[in-house]
Amino acid sequence: PMNKKTLIIIQAPYSNLAKVWSELYQFALVDDPIVIMGEALLTVPDEIFNNYRSIYCLDSDVNLLNQTNHTQIKILQYSDFADLILEFNHCITLK
């Protein structure tokens, strides 16, 4: 069965992150999985960790993580990410 939640992918350049995080708060629900990619990992606000339960990044992006946030991010292999995408009928990418 398709998942009712929305998969949210954050793929924004550093310069656009403030806008993207504020957009996210407007529609993301607490259990929506959020995959943060690339430069977006450089500044993940604490509110993201306080408000959302399922936060992921790809193992290829781990080196961009701020170490203090590391414990709350689940690390996905690319194949797991591909499987995750297939579970959802709604996927939103914020850039």
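Here's a quick rundown of the structure. (Residues numbered from 1 in each chain as written. Predicted model: local features only at pLDDT ≥ 70, side-chain atom pairs only at ≥ 80, totals over all residues. Heavy atoms only, no water.)

Attention now goes to the environment of Lys5. Among the structural elements, Lys5 can be located in strand E1 (residues 3–10). For Lys5, a relative accessible area of 35% puts it in the partly exposed group. Each C-alpha atom, one on Lys5 and one on His90, is 7.2 Å from the other, the two residues being 85 residues apart in sequence. In contact with Lys5, not counting residues within four places along its chain, are Asp31, Asp32, Pro33, Phe88 and His90. (Helix = DSSP H or I, 4+ residues; strand = E, 2+ residues; numbered from the N terminus. Buried < 20%, exposed > 50% of the residue type's maximum accessible area, 1.4 Å probe, protein only. Contact = heavy atoms within 4.5 Å.)

This part is about the pairing of strand E3 (residues 55–58). Of the two faces of E3, both are covered, the one formed by Ile55 and Cys57 as well as the one formed by Tyr56 and Leu58. Bridge count for strand E2 (residues 34–36) against E3 is two bridges, and the pairing is parallel. If you follow Ile34 over to E3, its bridge partner there is Ile55. For the handedness criterion, the β-α-β arrangement of E2, helix H2 (residues 46–51) and E3 is classed as right-handed. Pairing of E3 with strand E4 (residues 74–76), which is carried by three bridges, proceeds in the parallel orientation. (Pairing = 2+ DSSP bridges. Right-handed = clockwise from strand over helix to strand, strands pointing away.)

Our focus in this paragraph is a negative patch on the surface. Taken together, the side chains of Asp59, Asp80, Asp83 and Glu87 define an acidic patch exposed on the protein surface. Mapped onto the secondary structure, Glu87 falls in the loop between helix H3 (78–86) and strand E5 (88–94). Glu87 sits in the partly exposed class, given a relative accessible area of 40%. (Patch = residues over 30% accessible without salt bridge, like charges linked within 9 Å, V, L, I, M, F, W, Y side chains within 5 Å. Areas by Shrake-Rupley, 256 points an atom, 1.4 Å probe, with all protein chains shown as cover. Salt bridge = Lys/Arg side-chain N within 4 Å of Asp/Glu carboxyl O. Lys, Arg positive; Asp, Glu negative; His and termini not counted. Charge placed at Lys NZ, Arg CZ, Asp CG, Glu CD.)

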